[in-house]
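A look at the structure
Chain by chain, the residues run as shown.
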Amino acid sequence: MRRTLQVTLIALLTIFFLGLFLWKSNLHDVWRIMTSTNPYWLASAFIVNWMALVFRTIRWRVLLASPKPPAFYPTFFANTTGYMLSTVLPIRAGDVARPALLARRTNVRFATALGTVLTERVLDLFSILGIFLFFCILRWNAFPNGRGVVHGGAIGCTIVLVALVLFLVGLYFFGGTVRRWHERIGRILPKRFREPWMKFFDAFAKTLAITERPRDFLTVIFATAGVWLCLTAQYWLVFVAMHRPLPYDATFFISGVTTIGVAIPTPGGVGGFHKLCQWALTSFYGFDIDSSVAIALILHLVGAVPVVLTGVALFAREGLRWRDLTHAADDVAGDTTSQS
């Protein structure tokens, strides 16, 4: 019953946002705009999006390098398959599947890999907040009708960035105290989850030691920069491909807005991504409804197709089935909790 209710609510949420997104649009004109897209620029956007997977794999291997990084292929396989699942399923399901798949194919422990996933999320959060804040400062007075969003966004980003920095500094210099607070919070969990909870925290805290290895630290920074260069460049390439070029810094704003849309628990961000992308294009850049619908659809395809196709190809190459993936996650998680 709970599963049925969950699926029903997700479906209704998806339909609601899609309805808002398509409201007042002319689908014939939307299709005409989509089919006029320049195929060469669009192909470049697909390639750039795929390159983000390579940068993510490079970064993850360095974060996992204790005592030595796992081989590139199993890391790329786990990474890509996980992102494929997050693309087609709600609630970032791939963030658990990635470490489970990696643990099944390498000597990396599940809790360790899961801790590095949180580190990646922190790095990505720093990146998206940083580029959004840069946009807000650069375009502080550029949008008279959207000044509240720009100014409020700048203040909100600053607050979150300062809080993150304080947390990480506290964890680095006062790790014992932070760990004790984390342990107290973990007491509200069922007893069998408390030790995995602490292992997850310890794995995340351990990744901060990368700052003591300058070469690895710089590799992680440059790989993260590569990831977000790809993720923003794909937007700019789509705008050019659809004959509606925008300043490159517009991709910083639209990336930040659509990230919120992806966080809405619908399959692959469908509906939420599209509506917020449309809102940004129409409210800040004067796009008409049909153009905004067409661009949002193409942007979603560019963000999803390379990941899904690569993930499916790797899945087929390994001879896996869907239930193999769920069993892998269950087995590894079970092994982790059984050690408590």
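Residues numbered from 1 in each chain as written. Predicted model: local features only at pLDDT ≥ 70, side-chain atom pairs only at ≥ 80, totals over all residues. Heavy atoms only, no water.

A short note on helix H4 (residues 72-88)
Every α-helix carries 3.6 residues per turn, so stepping three or four residues along brings you back to the same face. Definition in use: We count a stretch as a helix when DSSP gives it H or I for four or more residues in a row; a strand needs E for two or more, and each element gets its number in order from the N terminus. Here the expected span of a helix is defined as 1.5 Å times the quantity of residues minus one. Here the term buried applies to any residue with accessible area under 20% of the maximum for its type, exposed to any over 50%, and partly exposed to those in between, with areas from a 1.4 Å probe on protein chains only.
If you check H4, its first and last C-alpha atoms are 24 Å apart, about what 17 residues at 1.5 Å a residue would give, namely 24 Å. Among the 17 residues of H4, 14 are classified as buried, and the element is accordingly described as predominantly covered.

As for the side chain of threonine 207
Threshold: Note on definitions: a residue-residue contact is assigned when non-hydrogen atoms from the two residues lie within 4.5 Å.
Topologically, threonine 207 is positioned in the loop between helix H9 (191-206) and helix H10 (214-241). Once residues within four sequence positions are removed from consideration, threonine 207 is found in contact with Leu63, Thr116 and Thr119.

Topic: the confidence of the model for the protein
To be explicit about the condition: Scored from 0 to 100, pLDDT records how confident the predictor is in each individual residue.
Taken as a whole, the protein shows an average pLDDT of 86; of its residues, 92% reach a score of 70 or greater. When mean pLDDT is compared element by element in the protein, helix H3 (residues 39-63) scores highest at 96, while helix H14 (residues 322-338) scores lowest at 51. Counted against residues more than four places away or in other chains, residues 332-340, with its pLDDT under 50, gives 15 contacts.

Overview of the side chain of threonine 232
With respect to the helices and strands, threonine 232 occurs in helix H10. For threonine 232, a relative accessible area of 3% gives the class buried. With sequence-adjacent residues up to four places away left out, threonine 232 is seen in contact with Ile131, Tyr248, Thr251, Phe252 and Ser255.

Section: a positive patch on the surface
Rules: Exposure above 30% relative accessible area and the absence of a salt bridge qualify a residue for a patch, where like charges join within 9 Å and nonpolar side chains (Val, Leu, Ile, Met, Phe, Trp, Tyr) within 5 Å. All accessible areas in this document rest on Shrake-Rupley with a 1.4 Å probe, and a residue is counted as covered only by the protein chains that are shown. Every case where a carboxyl oxygen of Asp or Glu lies within 4 Å of a side-chain nitrogen of Lys or Arg is listed as a salt bridge. His is not counted, nor are the chain ends, whereas Lys and Arg count as positive and Asp and Glu as negative. Throughout, a charge is located at the NZ atom of Lys, the CZ atom of Arg, the CG atom of Asp or the CD atom of Glu.
Taken together, the side chains of Arg180, Arg184, Arg187, Lys191 and Arg194 make up a positively charged region of the molecular surface. Those elements that provide at least two residues to the positive patch are helix H8 (175-186) and H9. Along the chain, the position of arginine 187 falls in the loop between H8 and H9. Take arginine 187: its relative accessible area is 53%, and that puts it in the exposed class.

Digging into the environment of histidine 300
By the element assignment, histidine 300 lies in helix H13 (residues 289-317). You can call histidine 300 buried: its relative accessible area is 18%. In the structure, histidine 300 is positioned 283 residues away from phenylalanine 17 in sequence and 14 Å away in space, judged by C-alpha atoms.

Overview of the layout of surface pockets
Condition: Definitions used throughout: a 1 Å grid over protein atoms alone; a cavity as a set of points that fits a 1.4 Å probe which cannot get out; a pocket as an open set with protein on both sides within 12 Å along at least five of seven lines; a lining residue as one with an atom within 4 Å of a point. Grid points are joined across faces, edges and corners, and a volume is the space filled by probe spheres set on the points. Residues are grouped as follows: Ala, Val, Leu, Ile, Met, Phe, Trp, Tyr, Cys and Pro are nonpolar; Asp, Glu, Lys and Arg are charged; every other residue, Gly included, is polar.
If you add up the space inside the second largest pocket, you get close to 510 Å³. Mapped onto the lining of the second largest pocket, the elements with two or more residues apiece are helix H6 (110-138), helix H7 (147-173) and H10. Tallying contributions element by element places H10 first for the lining of the second largest pocket, with eight residues. Counted by class, the lining of the second largest pocket contains 20 nonpolar, six polar and no charged residues.

Structural notes on the packing of H6 against helix H11 (residues 250-263)
Short version of the rule: A fitted line through C-alpha atoms represents every axis, and for helices the fit uses only the stretch in contact; the resulting angles, taken between N-to-C directions, go from 0 to 180 degrees. Small angles under 35 degrees read as roughly parallel and large ones over 145 as roughly antiparallel, with 65 to 115 read as roughly perpendicular and the rest as oblique. The crossing is said to be left-handed when, going from far helix to near helix, the turn is anticlockwise and less than a right angle, and right-handed when the turn is clockwise.
With their axes 8 Å apart at the nearest point, H6 and H11 run at an angle of 130° to one another. Our classification of the angle between H6 and H11 gives oblique. The two elements H6 and H11 cross, and the hand of that crossing is left-handed. Judged by residue contacts, Ile128, Ile131, Phe132, Phe134 and Phe135 of H6 engage Ala250, Phe252, Phe253, Ser255, Gly256, Val257 and Thr259 from H11.

With respect to the packing of aromatic side chains
Filter applied, for reference: Within 6.5 Å between ring centres, the rings of Phe, Tyr and Trp (the latter by its six-membered ring) count as paired, and their orientation is classed by plane angle as stacked under 30 degrees, edge-to-face over 60, tilted in between.
Using the criterion set out here, one finds 17 aromatic pairs in the structure. Seen in terms of ring centroids, phenylalanine 253 and phenylalanine 284 are 4.6 Å apart; in terms of plane orientation they differ by 55°. Their pairing is tilted. Placement of the pair is phenylalanine 253 in helix H11 and phenylalanine 284 in helix H12 (residues 272-284), with a sequence separation of 31 residues. Residue classification places phenylalanine 253 among the buried positions, given a relative accessible area of 1%.

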